[in-house]
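Given next are the chains, with one letter for each unit.
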Amino acid sequence: MKYLGKIVLILVLTYVGHLISGPFWYLIPAGFIGGLLIITSPRAAFFCGFFAVSVLYFGTAFQSHISYDGVLTDRVSALFMGLNPLLIVLIATMLGALTAGFAALTGTYFRELFIPPLTKRQRNYY
Amino acid sequence: MASGSIDDKKFLTYYFSYLQKYLHNLEFENLGTSMKWIKFLLAALITGALAYFLTNPQNIKGTGIPPLGYLLDPLQGFWENQRDLLPTDPQIPGLKGEVTIHFDSMMIPHIYAENMEDLFRAQGYVVAMLRLWQMEFQTHAAAGRISEIIGADALDFDRGQRRKGMVLGAEATLGLFKKDPELWKALEAYSEGVNAYISSLTYATLPFEYKLLGYHPEPWTSFKTALLLQYMSDNLTGFDQDIEYTWMLKKLGKEKFDLLFPERIPGIDPTVPSDGPWDFEAEEIPIPEDIAADPMVITKLLEKSNPKNGSNNWAVSGTKTASGKPILANDTHLGLNLPSLWIMMELQYPGYHVYGFTFTGSPGIVIGFNEKTAWGFTNAPRDMRDWYKIRFKDDKQDSYWYDSTWRPVTHRIDTFKIKGQEAFVDTILITHHGPVVYDARFGVDNPKQGMALRWTAHEPSRIFKAYLNFNKGKGLKDYFEAIPFWETPPQNVVFASTEGDLALTVAGKFIHRWEGQGKFVLDGSRPDHEWQGYISPEHHARQVNPERGFVSSANQHSVDAEYPYWFFNSNSEYYRNRRINRRLTQMEGITPKDFMKLHLDNYSIQAEEALPMLLDSIKGITMNEKEREVYRSLTQWDYYYEADLKAPMYFNLWWRNIYKAVWDWLEDDDNPVAYPNTATTVHLIKTRPLTEFSPGKASMTQLFESAFREMVSEASDDQNWGQFKGTALTHLSRQEALSITNIHMGGSSNAINAQSKGHGPSQRMVVHLTEPPEAWVVYPGGQSGNPGSPFYSNLLPMYQDGTYLNVKLKTRENFNPEDIFLTFTLTPKP
């Protein structure tokens, strides 16, 4: 449940960040705040950020690729040494997911600087 | 010592347990805090490094990569450009009245405004919405600023642009714009419209190419409109062979030079033929003794504009049409690019209602029709550029020799921003002739020598005023009132009206030359080598309602030798024009459909004139099976360059081989070379012994024969003409992924349908001057410049098939709602 909450929070923050700010950078505050607010292990924080943005990015990019018949994904993939257009979808997803993952990790470590991490027991209890 | 050692053991046990405790504390209290910081900083560092990598351009093995985080971001990156990014709440500040813009099913905007300025504001807005990247890129190219976008690879191009005076010319034109209040209002309103669109952009709505190349649009200004005009002037007057001719003259001597490069050959059909003596005389200018300077070594010559840039236009009077009303046709032959050079639109405010093709970056309609008239253009090629050899006093290049004195040189310091590198600074030397294009900084080894360019495109041009007046014209009188404003680039301006009038004027700012002036490099120190003035517009060649019932032009010689002024052009057209005139003479009871068919005419007079002679001369040779088959297909060919035939490919290859063999003796690795044109080559082959113009060759028959065998062996078995020619629409960035290649179409540069690989009719228009007029239009491309839009190249299939959009003037109210794809209603904001 907690992981799901974290994923949803990062996902929502990413989307809101996209709406109110410039491109790409919004991933970093979204991941960071998500990592900061909901307490998980650092490893879980990374994967929540990674997963949240993967879902959002892959969904958006794949949907865009399919519904416009790859009109630009095909051209961009041709510009990128003729990669398969679906690979462009995956690369775009991975780059965003990694950034958000590390931002979430940073957020969690930042929190741990001031508030001691919960023990394994405590974490399970939550 | 034994007990002592036990004590020691105790001590050690005690000591280790203390140490353990100490270390334990250290880990949980002190070392623990450090670790936390290290972990945090490491994670932050990785996040930061990723962000830095993804938001900055990278260079991988010499290939520039745009900021990937921005470009690939599915929420705001290039994915957004897979659809038309149409503004949901369009706003143009400064509107005085309401503006309605209907976009039809082809995305053609129909703009209805209450006054001129609002109309041009809205025009600027929609052109930016559809073509922003292209409009800025073209003006960046004109201004020599491509290195800012793509890096140092473009630096030589940029330096060449500025050295040849592109910016100087645009600055001069801007100065003239400002002196014309009406025109200035139109230009400024247009800029406001473009800027209203630019300021509405976010990264997500930025045109695709900006994302791909990683930069942002800057504000539009009227100076950019002047640069656009410069871009067109360069396209249309940027070709000359003075430097090459000077070397050829030295190498061949005058007699042979004149044989190989005649100013006219028999059988030409000028745009405006003399029908008796002209009713004016040209003022005599004495011809200097030496008409050419000595050739000068230049190691780096600039690329010239494509000599194929040209067009067809014609108009027939009611006596030759089925309806009794004139019909006008125009197709402009330019580089075939995406986004297309042209964009179509309809513009209306009270007293002004016009439809047609226009540039992306200037107000009004360039080629089109209104309620009463229609007009169109072909290039009127003539020598518009002269090169002056400059002698500097010393290495400092502060002064140059002119009329027996040293004159001061102006030094203009120009900075070139380069993407990913430090800026480059060039000094451009300016003489009273014009900018020094070639000097010790660019292409010349001797610091005391230079080559200055004088070019009509350095002077201001009022063509925008001319065509804005055509837009409003009601008849012949208005046409002739507007014509004197048509300066550079010179054009054959064809005109027809619903009143039944036809006219064609060879309009432009033409230099009044002494015979031979500017054919070769001129001496910059001699006053008698300077331009002596311009031909007065009253002396321009023109035709009004000629007896033959038609006017036409196709970049041929504008006039014959009877014309009182000396005419010179190194690049005249010889074939299309005669085909047009032949057909127009034959045709009767013409309908618009006939002209649409004529636009697609693939007949080549070059093949008609050259092929029978070639076939005849090799008739008796022994041939293998394949050669016999090729020979047979050529004898059966009717000179139409149809895409599905093989014969046009055989003829083209055969002729190319013959041409190479005839002129290979002119090749020169050290100095620039000019080669005689095709028409002259055919003429010489027909009228002179081979030894007179191609020394060292055995015989004509042998030359044709070996060229034939070579052609048969290199011609592909599975290609036809369409595949062999492979017409392409190339994206302005030259990226193949954004271009369309191998378009299967007939035609040849010598046919009316002047298709070659990357060049051909860039638009086609036929206007029937009924009341009201009706038109048929098409161009290879689409209204949107966005490669992700369905309107990027949707008109290409129609263009390929030879079909047209049928269009009429419509009003805001009588617009059929079914034709409306989208409507913007813009209202003034208090």
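Treat the numbers as computed from the prediction; the structure is a model and nothing was measured.

Undergrad: What should I look at first to understand the overall build of chain A in this one?
TA: Tallying secondary structure elements over chain A gives 6 helices and 0 strands in all. The order of α-helices and β-strands along chain A, N terminus first, is α-α-α-α-α-α. Projected onto its principal axes, the C-alpha positions of chain A cover 50 × 25 × 25 Å. Counting every position in chain A, which comprises 126 residues, the buried fraction comes to 48%. If you take every contact in chain A between residues at least 6 apart in sequence, the share linking residues at least 24 apart comes to 77%.

Undergrad: Quick question: what am I supposed to make of the overall build of chain B here?
TA: The helix and strand tally for chain B stands at 22 helices and 29 strands. For chain B, the spread of C-alpha atoms along the three principal axes comes to 140 × 70 × 70 Å. Within the span of chain B, comprising 830 residues, buried residues form 51% of the whole. Considering only contacts in chain B between residues 6 or more positions apart, those separated by 24 or more positions represent 72%.

Undergrad: What's the story with the confidence of the model for chain B in this structure? I'm lost.
TA: Residues shown with low pLDDT carry predicted positions that ought not to be read at fine detail. The predicted model of chain B has a mean per-residue pLDDT of 93, with 96% of residues at 70 or higher. When the criterion is pLDDT under 50, residues 1–5 of chain B qualifies, and its contacts beyond four places in sequence or with other chains add up to 0 contacts.

Undergrad: I tried to follow the interface of chain B and chain A on my own but got confused; where do I start?
TA: Many authors give the size of an interface as the accessible area that is lost as the parts come together. In this assembly, 33 residues from chain B lie in contact with 30 residues from chain A. Within the residue set of the side of chain B that touches chain A, elements represented by two or more residues are helix H1 (2–55) and helix H2 (68–72) of chain B. Ranked by residues supplied to the side of chain B that touches chain A, first place goes to H1(B) with 12 residues.

Undergrad: What's the story with the environment of Ser570(B) in this structure? I'm lost.
TA: All names here are of chain B. Assignment of secondary structure puts Ser 570 in the loop between strand S23 (550–553) and helix H13 (576–586). Ser 570 gets classed as partly exposed once you count the C-beta atoms within 10 Å, which come to 19. For the pair formed by Ser 570 and Leu 809, sequence separation is 239 residues and the distance between their alpha carbons is 41 Å. Not counting residues up to four positions away in its chain, the partners in contact with Ser 570 are Asp 240, Gln 241 and Asp 383.

Undergrad: Whenever I open this one, unusual backbone geometry confuses me. Can you help?
TA: For the peptide bond that leads from Thr488(B) to Pro489(B), omega is 0°, which places it in the cis range. Turning to its location among the elements, Pro489(B) is positioned in the loop between helix H12 (476–482) and strand S19 (491–497). The omega torsion across Glu771(B) and Pro772(B) is -5°, close enough to zero to call that bond cis. If you trace the backbone, Pro772(B) turns up in the loop between strand S26 (759–768) and strand S27 (774–778). Although it is not a glycine, Asp69(A) adopts a positive phi angle of roughly 60°. With 11 C-beta atoms packed within 10 Å, Asp69(A) lands in the exposed category.

Undergrad: Any chance you could explain the pairing of strand S13 (residues 399–402) of chain B here in plain terms?
TA: Within a regular beta strand, the side chains point alternately toward one face of the sheet and then the other, so they alternate between its two faces. Side chains Tyr400(B) and Tyr402(B) project from S13(B) onto a buried face, and the interleaved Ser399(B) and Trp401(B) project onto a face without burial. Turn length for the S13(B)-strand S14 (residues 405–408) of chain B hairpin, with the two strands adjacent in sequence and antiparallel, is 2 residues, and the turn residue Asp403(B) shows positive phi of about 50°.

Undergrad: Where do I start with the sheet that holds strand S18 (residues 449–455) of chain B in this structure?
TA: Sheet strands associate in pairs through backbone hydrogen bonding, adopting either a parallel or an antiparallel arrangement. Residues and elements named next belong to chain B. Strand order in the open sheet formed by 4 strands is S17-S18-S12-S21, and the pairing between neighbours is mixed. Every interior strand has two partners, whereas the edge strands, strand S17 (436–438) and strand S21 (522–523), have only one. Judged from the 2 bridges that link them, S17 and S18 form a sheet pairing that is antiparallel. Within S18, the position partnered with Val 436 by the bridge is Ala 452.

Undergrad: Would you explain helix H15 (residues 605–617) of chain B in this entry?
TA: Because an α-helix completes one turn every 3.6 residues, residues spaced three or four positions apart along the sequence face the same direction. Residues and elements named next belong to chain B. Over its 13 residues, H15 extends 19 Å from the first C-alpha to the last, a length consistent with the 18 Å expected when each residue adds 1.5 Å. By the largest-angle criterion, Leu 611 marks the main kink of H15, which is about 30°, and a proline, Pro 612, follows within four residues. Among the residues making up H15, those that are buried are Gln 606, Ala 607, Glu 609, Ala 610, Leu 611 and Leu 614. Residues of H15 that are buried in the fold lie against helix H16 (625–635), helix H17 (647–663), helix H18 (678–687) and helix H20 (700–714).

Undergrad: What exactly am I supposed to notice about the nonpolar core here?
TA: One recurring pattern in soluble globular proteins: nonpolar side chains tend to sit buried together. Membership of the largest hydrophobic core comes to 209 residues, with the highest contact counts inside it found for Ile111(B), Ala122(B), Ala315(B), Ile327(B) and Trp654(B). Examining the composition of this core, we find that 16 residues originate from one element, helix H3 (residues 116–142) of chain B, more than from any other. When neighbours within four sequence positions are excluded, Trp654(B) is seen to be in contact with Leu614(B), Ala707(B), Phe708(B) and Met711(B). Grouped together as the second largest cluster of nonpolar side chains are 46 residues, Leu27(A), Ile28(A), Ala45(A) and Tyr109(A) included.

Undergrad: In this structure, what is going on with the packing of H17(B) against H20(B)? I would like to understand it.
TA: Each pair of packed helices can be summarised by the angle the axes make with each other and by the distance between the axes. Residues and elements named next belong to chain B. One way to put it is that H17 packs onto H20 with a least axis distance of 8 Å and a crossing angle of 135°. As the angle between them shows, H17 and H20 are arranged oblique. Classified by chirality, the crossing of H20 by H17 is right-handed. Between H17, through Tyr 650, Leu 653, Trp 654, Asn 657, Ile 658, Ala 661 and Val 662, and H20, the contact on the second element is made entirely by Leu 703, Phe 704, Ala 707, Phe 708, Glu 710, Met 711 and Glu 714.

Undergrad: How should the pairing of strand S5 (residues 310–316) of chain B be read in this particular structure?
TA: Residues and elements named next belong to chain B. Burial analysis of S5 places 7 of its 7 residues in the buried class, the great majority of the element. Across the two faces of S5 the burial is the same, with Gly 310, Asn 312, Trp 314 and Val 316 and Ser 311, Asn 313 and Ala 315 all buried. Here 7 bridges tie S5 to strand S6 (residues 327–335), and the two strands are oriented antiparallel to one another. Note that in S6 the partner of Trp 314 across the bridge is Ala 329. Bridge analysis of S5 against S23 gives 4 bridges, and the strand direction is antiparallel. Bridge assignment links Ala 315 to a residue of S23, and that residue is Val 551.

Undergrad: Quick question: what am I supposed to make of the sheet that holds strand S25 (residues 740–743) of chain B here?
TA: All names here are of chain B. The 3 strands lie next to each other as S7-S24-S25, forming an open sheet whose pairing is mixed. If you trace the sheet from one side to the other, it starts and ends with strand S7 (337–338) and S25, each paired once. With 2 bridges connecting them, strand S24 (residues 727–731) and S25 associate as antiparallel partners. If you follow Thr 727 over to S25, its bridge partner there is Ile 743.

Undergrad: Whenever I open this one, the packing of helix H2 (residues 27–37) of chain A against helix H3 (residues 42–67) of chain A confuses me. Can you help?
TA: Residues and elements named next belong to chain A. Axis separation between H2 and H3 bottoms out at 10 Å; the angle between their running directions is 135°. On the basis of their axis angle, the class for H2 and H3 is oblique. Of the two possible hands of crossing, H2 and H3 adopt the one that is right-handed. Residue-level contacts link Leu 27, Gly 31, Gly 34 and Gly 35 of H2 to Ala 45, Cys 48, Gly 49 and Val 53 of H3.

The rules behind the values
Residues numbered from 1 in each chain as written. Chains lettered and ligands numbered in written order. Predicted model: local features only at pLDDT ≥ 70, side-chain atom pairs only at ≥ 80, totals over all residues. Helix = DSSP H or I, 4+ residues; strand = E, 2+ residues; numbered from the N terminus. Buried ≥ 20, exposed ≤ 12 C-beta atoms within 10 Å, placed from the backbone. Contact = placed C-beta atoms within 7 Å. pLDDT = per-residue confidence, 0-100. Pairing = 2+ DSSP bridges. Expected span 1.5 Å × (residues − 1). Bend = angle between axes of the 7 residues up to and from the residue. Core = buried A, V, L, I, M, F, W, Y, C linked by C-beta atoms within 7 Å. Axes fitted to C-alpha atoms, helices over the stretch in contact; angles between N-to-C directions. Parallel < 35°, antiparallel > 145°, perpendicular 65-115°, else oblique. Left-handed = near helix turned anticlockwise from the far one by under 90°.

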